[in-house]
Each structure stands twice: as structure tokens, then as C-alpha cells.
Amino acid sequence: SCLIGLVVGIMPGAGGNIATFIAYSEAKRFSKNADEYGTGIYDGVIAPEACNNAVVGGAQIPLLTLGIPGSAPAAVLLGALIVHGLQPGFKLFSEHGNIVFTYMIGLFVSNILILFWGSVLVKGFVRVLQVPQKFVAAAIFCLAVVGSYAIRSATIDVISMMVAGIVGYFLLRLGFGVAPVALG
């Protein structure tokens, strides 16, 4: 599962959310106990999380070498590079290697820090799972409404979000997979 997650994660282009859905469905497809997926078994958690961490580095490959962002955060980084006068591409490595390799070392160090702090704080994170689902659902709904309204301060955005949610609910009830619908 970890290997599937890593392989899907380093393929740039789809972004983190879609890549994790694809990693989950592929891990489930290749698993001997696919019927246990969705119950919290380790394989069902490891593949998407490994992919979630691998997608950051995978999206940087086409960004730094070709100037094509592989995710939304990579597009922001592209803008930051251009603002500072750095043109992504093959010359970036030869002319500004100190910046590029410092950035790569930073990614490596951040992954080690994530491992350390994740191990230290995991017990606190597990306590979040004890919050009743109705409160979590209400909080997600409120944040979705506020977030969709805050983008342009338009009620039509909230209505579109609710219509998309209703359509998504019925697609799930009809057996459509989340990853193909999100990718589409």
C-alpha cells in the first residue's frame, strides 16, 4: 500500500486530493482483503497518506525542470520564482543551483520534521476522532458555506456549492466512485 501511494504521489498533474483518491482505489484494487477497506485498516490509510506526502515532491519535478506546475501550491511557487527573477527550466539548475538545491534540502528536512512531530503529536490527533460525527458534519457544512461565499461574496456561489453537494450525494448513492468523478 505504501509503495502504491508513493508511485501515485510522484506522478504530477492531478494534485494532492485526486492523487490520494487514486492511491486509495488502487490499493483497494490490488488488496487481498478489499472488503475491509473503509473500516480503518492500515493499508487503506497508508496508501493515501504516503501519496499525500509524495505528491509535494512529485509536483516540483515538472515545475523546476519545465516550468509547468503539477499542483496548485506548485503554481504559487512558480509565481514566487518568477517574481524573484528565476525562470524555471534547465538553466535554473546551472545558473541558480544554490537556490534550487537549498530548496530540495528544505523539502527533505521538512519530511523528517513531519515524521518527528507526527510521532510526538499522534495521541493528541487521535483524540479528535472522539468528537461526535454530527458536530464534525455541522462544522464542515458551516465552513463550506462561509468559504464558498467568501470567494466572491456572491450567494450564487453558495447555491452552486449546495447543488454540487446534492449531485455528489446522489452520484455516491448510485455507486459512482469519488476519484473518477473528482478527476472528471
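Look a little higher up for the structure.
First, a word on scope: everything that follows refers to the structure included in this document. Please read all numbers here as calculations on a predicted model, not as lab measurements. Within any chain, residue numbers begin from 1 and follow the written order of that chain's sequence. Residues qualify for local features only when their pLDDT is at least 70, as the model is predicted, and side-chain atom pairs are given and counted only at 80 or more; totals for whole chains, interfaces and linings, by contrast, use all residues. Here the side-chain values reflect all heavy atoms present in the structure, with hydrogen atoms and water set aside.

## As for the overall build of the protein chain
Within the protein chain, the secondary structure is distributed over nine helices and zero strands. Runs of H or I in DSSP of at least four residues are treated as helices and runs of E of at least two as strands, each being numbered from the N terminus. Secondary structure of the protein chain in N-to-C order comes out as α-α-α-α-α-α-α-α-α. Here's how the labels work: a residue is buried when its accessible area is under 20% of the maximum for its type, exposed when over 50%, partly exposed in between, all with a 1.4 Å probe on protein chains only. A buried classification covers 22% of the 184 residues belonging to the protein chain. Working rule for contacts: check all heavy atoms of both residues, and any pair within 4.5 Å makes them a contact. Intrachain contacts of the protein chain at a sequence separation of at least 6 include 52% that bridge at least 24 residues. Shrake-Rupley sampling with a 1.4 Å probe provides the accessible areas, and residues are treated as covered by the protein chains on show and by no other component. Summing over all exposed atoms, the protein chain offers an accessible surface of approximately 12800 Å²; the carbon and sulfur share of this is 72%.

## Some details on the packing of helix H7 (residues 133–152) against helix H8 (residues 155–173)
Helix axes use the C-alpha atoms of the stretch in contact, all axes being lines fitted to C-alpha atoms, and the angles between their N-to-C directions lie in the range 0 to 180 degrees. Relative orientation of the contacting elements H7 and H8 amounts to 140 degrees, with a least axis distance of 7 Å. Here H8 runs oblique to H7, going by the angle between their axes. As H7 runs across H8, the sense of the crossing is right-handed. Residues Phe141, Ala144, Val145, Ser148, Tyr149 and Arg152 of H7 form the contact with H8, whose own contacting residues are Thr155, Ile156, Asp157, Val158, Met161 and Met162. Residues are grouped as follows: nonpolar covers Ala, Val, Leu, Ile, Met, Phe, Trp, Tyr, Cys and Pro; charged covers Asp, Glu, Lys and Arg; every other residue, Gly included, is treated as polar. Looking at the contact of H7 with H8, its residues break down into eight nonpolar, two polar and two charged. Small angles under 35 degrees read as roughly parallel and large ones over 145 as roughly antiparallel, with 65 to 115 read as roughly perpendicular and the rest as oblique. Handedness of a crossing follows from how the near helix is turned relative to the far one, being left-handed for an anticlockwise turn of less than a right angle and right-handed for a clockwise one.

## A short note on the pattern of salt bridges
The working definition used for a salt bridge is a side-chain nitrogen of Lys or Arg within 4 Å of a carboxyl oxygen of Asp or Glu. All chains considered together, the criterion is met by two salt bridges. Put simply, Glu26 and Arg29 hold a salt bridge, and the shortest N to O gap is 2.5 Å. Of this pair, Glu26 and Arg29 both sit in helix H2 (residues 16–30), three residues apart, which is roughly one turn of that helix. Residue classification places Arg29 among the exposed residues on the basis of a relative accessible area of 57%.

## Structural notes on unusual backbone geometry
A positive phi angle, near 55 degrees, is found at Ser153, a position not held by glycine. Its place among the elements puts Ser153 in the loop between H7 and H8.

## Details of helix H4 (residues 72–83)
Expected helix span is computed as 1.5 Å times (number of residues minus one). For H4, spanning 12 residues, the distance from its first C-alpha to its last is 17 Å, which sits close to the expected 16 Å at 1.5 Å a residue. Buried within H4 we find Ala74, Leu78 and Leu81. For H4, the angular spread of buried residues about the axis comes to 65 degrees, placing them on one side. For H4, the exposed residues lying more than 90 degrees away from the buried face are Ala72, Pro73, Val76 and Val83. Relevant arc is that of directions from the helix axis to the C-beta atoms, nothing else.

## Some points on the packing of aromatic side chains
The relation between two aromatic rings is expressed through the spacing of the ring centres and the mutual angle of the planes. Aromatic contacts are taken between Phe, Tyr and Trp rings whose centres are within 6.5 Å, Trp giving its six-membered ring; a plane angle under 30 degrees counts as stacked, one over 60 as edge-to-face, and the others as tilted. Counted according to the given criterion, the structure contains four aromatic pairs. Ring centres of Phe93 and Phe101 lie 6.1 Å apart, and the angle between their planes is 65 degrees; on these two criteria the pair is classed as edge-to-face. For Phe101, a relative accessible area of 43% translates into the label partly exposed.

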